[in-house]
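Observations on chain architecture
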Amino acid sequence: MEHVDFRYNNSLIDISEIDNMDKLIENVHESLCKKECEGSEFLGWIDCPLKYHTDEINRILSVAEEIKNNSDILIVIGIGGSYLGARAAIEFTNNIFSNYLNNPENKTPKVFFAGNNLSANYIAQLIEVIQDKNFSICVISKSGKTTEPAIAFRVFKKLLETKYDKQEASKRIFVITDAKDGALRDFANKEGYTSFSIPEDIGGRYSVLTPVGLLPMAVAGVDIEEVLKGAKDASVEYDNPKLKENKCYQYAALRNILNRKGKDIEVLGYFEPAFQYFAEWWKQLYGESEGKDGKGLFPASLMYTTDLHSMGQLMQEGKRNMFETIIRFHKTNSNLIIEEDHENIDGLNYLSGKTIDYINQIAAEATCTAHRDGGVPILEIDVPEFSAYSFGQLVYFFQKSCAVSCCLSDVNPFTQPGVEAYKKNMLDLLRKA
C-alpha cells in the first residue's frame, strides 16, 4: 500500500539548517524510545498499534454489533480528544452525509455527537432528532466530571430511562473511562454498564487508536483493523532516528526551523470537506501539546477552495508570520466528469471530459504556487486516499511529529495545565450563582 509522504520546496530554508538538526533529532528519538523525556509516563501511544490485543479488538467489534442490532442512533458523548478522533475517522472514511441517507439495507446506526459544547439549542435539537428512534449512548471521559459531557450524559441517560425502563436503558449505555478511578468508573461499576478502559499511559488527545476512537468508529462501519494496520505500519516506518530518512521527523524539524524564523502560525490547508474534523483533531493535538510556557505555534485550518473566497486575500498578502501545511490526496472515491453543454452559457466547455477531482487538484497546485510566491512557506503532506488504512497512518504521523516538535521546543507534550483555568473560573461562578 502507498504511504503518507511529506515534501517541501522552499528557498527560505537552507539545507544546512536541516542538516544541523540531525543530532538533535537523534537525541529526541532516543529520549522517546527510552521513555526519558518529560511526560514519559504518557508514551503508551508510541507502541500501542504494535501491541493491540486481538481479544480487545474482537470485544470492540462485538459490542459495536450489539449497538448496530438494537439502535438507529448512537450518541457519542465527549469533548476534545474524547470525540474529535472518532468524528475525524468517520467523516474521513465514510460518506460525510451518511446521517442523512435512508438505506433500509444499511444496518449502520447514524452517529451524532454531544457533550462537546454547552449549547441548550444543540441539545434540544438533537433530542428532536432521536425522540422516535431507538438509540444508545457511548459516554467517554477519563474522570466523568468534565462539565460538558457530564451534563449531556445526565440529559440523555434520563431520556433513555424514560423511553425504556432502567434495566433496558443500562444495556444501551456504554462507558469508556479510567480503568480504576473516577466518578464515571464508579458509576459504570455500580450500574453494570458495559465499559472499556482508557490506558493510563495515553492522554486524551493521543487516544484515538484506543477504545475512545475505535468503538464509535466500529459502530459507524469503519474498518478498525485497517486503521490499526495503517498506524502499525507507520509506527515501524517512523521508528528511524535518521532525519534524512524519516518524513515524520522532517516535518517536525521544519516546523521548528520556521518557528525560529518568526513564523508563529501554522495553517493546515486542505481541499476536501471530509478532512474537516481531522483538521479539528490536529488543532487540538498541536494546540494543547505545544501551547505552554509562552511557546507554541498557533494551529489554524482552512478548507479550500471555500476559504480562498474569505481568507485567500490574507494568506496572499497579509502579515508574513505564517506558513502552510497543505494536505493533498492522490485519489478520491469519485470520478464525476464535466459534460459538454451545447449552449455553453457558463463558458466551461473547455473543461468537458475532465473530472471535478482533476480541477480540484489544479486548484490546489495553483493555490500552493500563489501562496509560495506571496512569501508563505509551504509544506506538503501527500495522503494516498480516503481509507481506514490511510487514516491510521496519518494519525500516527502527526502524533509522533507532535511529540518530537514539543521536545525540540523543551515543552512537555502531554500536559494541559492552562485548560484548568477556565474550568476553575466557571465552577467558581456557578457556585456563587
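Nothing here was measured: the structure is a model prediction, and the numbers come from that model. (Residues numbered from 1 in each chain as written. Predicted model: local features only at pLDDT ≥ 70, side-chain atom pairs only at ≥ 80, totals over all residues. Heavy atoms only, no water.)

1. Observations regarding the packing of aromatic side chains
For the record, the criterion: Any two rings among Phe, Tyr and Trp, with Trp reduced to its six-membered ring, count as a pair given centres within 6.5 Å; such a pair is stacked if its planes are under 30 degrees apart, edge-to-face if over 60, and tilted if neither. Only DSSP runs of H or I with at least four residues qualify as helices, and only runs of E with at least two residues qualify as strands; both kinds are numbered from the N terminus onward. Remark: exposure states derive from per-residue accessible area (1.4 Å probe, protein chains only) relative to the maximum for the residue type, with buried under 20%, exposed over 50%, and partly exposed in between. For a Lys NZ or an Arg CZ to count as sitting over a ring, it must be within 6 Å of the ring centre and within 35 degrees of the ring normal.
Counted according to the given criterion, the structure contains 29 aromatic pairs. Between Phe329 and Phe386, the ring centres sit 3.9 Å apart and the planes meet at 15 degrees, which makes this aromatic pair stacked. With Phe329 in strand β9 (residues 322–331) and Phe386 in the loop between β10 (378–385) and α16 (388–408), this pair connects stretches of sequence that are 57 residues apart. The same class applies to Phe329 and to Phe386, which are both buried. Positioned above the aromatic ring of Phe196 is the side chain of Arg59, whose terminal nitrogen or guanidinium carbon lies 4.1 Å from the ring centre. One residue, Arg172, lies across the ring of Tyr164, its end atom 4.3 Å from the ring centre.

2. Points about helix α10 (residues 211–219)
Within α10, nine of the nine residues are buried, leaving the element largely enclosed by the surrounding structure. Three or more residues of α10 are buried, namely Pro211, Val212, Gly213, Leu214, Leu215, Pro216, Met217, Ala218 and Val219. Immediately beyond the C-terminal end of α10, within one or two residues, lies Gly221, with a positive phi of roughly 90 degrees.

3. Quick look at the sheet that holds strand β4 (residues 135–140)
Here is the rule we go by: Here, any two strands with at least 2 DSSP bridges between them count as paired. As a rule, the C-alpha atoms of each element are fitted with a line to give its axis, helices using only the stretch in contact, and angles between N-to-C directions run from 0 to 180 degrees. Two residues form a contact once any of their heavy atoms are found within 4.5 Å.
Spatially, the five strands line up as an open sheet ordered β3-β2-β4-β5-β6, and their pairing is parallel. The open sheet is flanked by β3 (110–114) and β6 (194–198), the only strands paired with a single partner. On average, each strand axis in the sheet is tilted by 20 degrees relative to the strand beside it, whichever way the strands run. Pairing geometry for β4 and strand β5 (residues 173–178), over four bridges, is parallel. When the bridges of β5 are listed, Ile140 appears paired with Ile176. Along the sheet, α10 contacts β2 (73–77), β4, β5 and β6; its crossing angle with β6, the most-contacted strand, is approximately 135 degrees.

4. Structural notes on the state of the cysteines
The following threshold applies: Throughout, disulfides are identified as pairs of cysteine sulfur atoms within 2.5 Å of each other.
Per the counting criterion, the structure on display carries zero disulfides. Free of any disulfide, Cys402 has its nearest neighbouring cysteine sulfur in Cys406, separated by 4.3 Å. Taking the relative accessible area as the measure of exposure, Cys402 reaches 0% and is therefore buried.

5. Observations concerning the environment of Ile265
By the element assignment, Ile265 lies in strand β7 (residues 265–270). For Ile265, a relative accessible area of 22% translates into the label partly exposed. Each C-alpha atom, one on Ile265 and one on Ile378, is 12 Å from the other, the two residues being 113 residues apart in sequence. In this structure, Ile265 is in contact with Leu297, Phe298, Asn321, Met322 and Phe323, ignoring residues within four places of it in sequence.

6. Things to note about the packing of helix α4 (residues 54–70) against α10
Rules: The cut-offs work like this: below 35 degrees is roughly parallel, past 145 is roughly antiparallel, 65 to 115 is roughly perpendicular, and the gaps in between are oblique. Note: crossing handedness is left-handed where the near helix turns anticlockwise from the far helix by less than a right angle, and right-handed where it turns clockwise. Basically, the charged four are Asp, Glu, Lys and Arg, the nonpolar ten are Ala, Val, Leu, Ile, Met, Phe, Trp, Tyr, Cys and Pro, and anything else, Gly included, counts as polar.
Contact geometry of α4 with α10 gives a least axis separation of 8 Å together with a crossing angle of 45 degrees. Considering the angle they form, α4 stands oblique to α10. Every pair of crossing elements has a handedness; the one defined by α4 and α10 is right-handed. For the pair formed by α4 and α10, the contact residues are Glu56, Ile60, Leu61, Val63, Ala64, Ile67 and Lys68 on the first element and Pro211, Leu214, Leu215, Ala218 and Val219 on the second. Residue composition of the contact of α4 with α10, grouped by class: ten nonpolar, no polar and two charged.

7. Things to note about a negative patch on the surface
Put simply, the test is: Note that patches include only residues with greater than 30% relative accessible area and no salt bridge, and the join distances are 9 Å for like charges and 5 Å for nonpolar side chains (Val, Leu, Ile, Met, Phe, Trp, Tyr). Only the protein chains shown count as cover for residues, and all accessible areas are computed by the Shrake-Rupley method using a 1.4 Å probe. Should a side-chain nitrogen of Lys or Arg be within 4 Å of a carboxyl oxygen of Asp or Glu, the pair is scored as a salt bridge. All tallies of charge rest on Lys and Arg as positive and Asp and Glu as negative; His and the ends of each chain are not included. Where a charge lies is defined by one atom per residue type, namely NZ (Lys), CZ (Arg), CG (Asp) and CD (Glu).
Residues Glu38, Glu41, Asp293 and Asp410 make up a contiguous surface patch of negative charge. Relative to the elements of secondary structure, Asp410 occurs in the loop between α16 and α17 (419–432).

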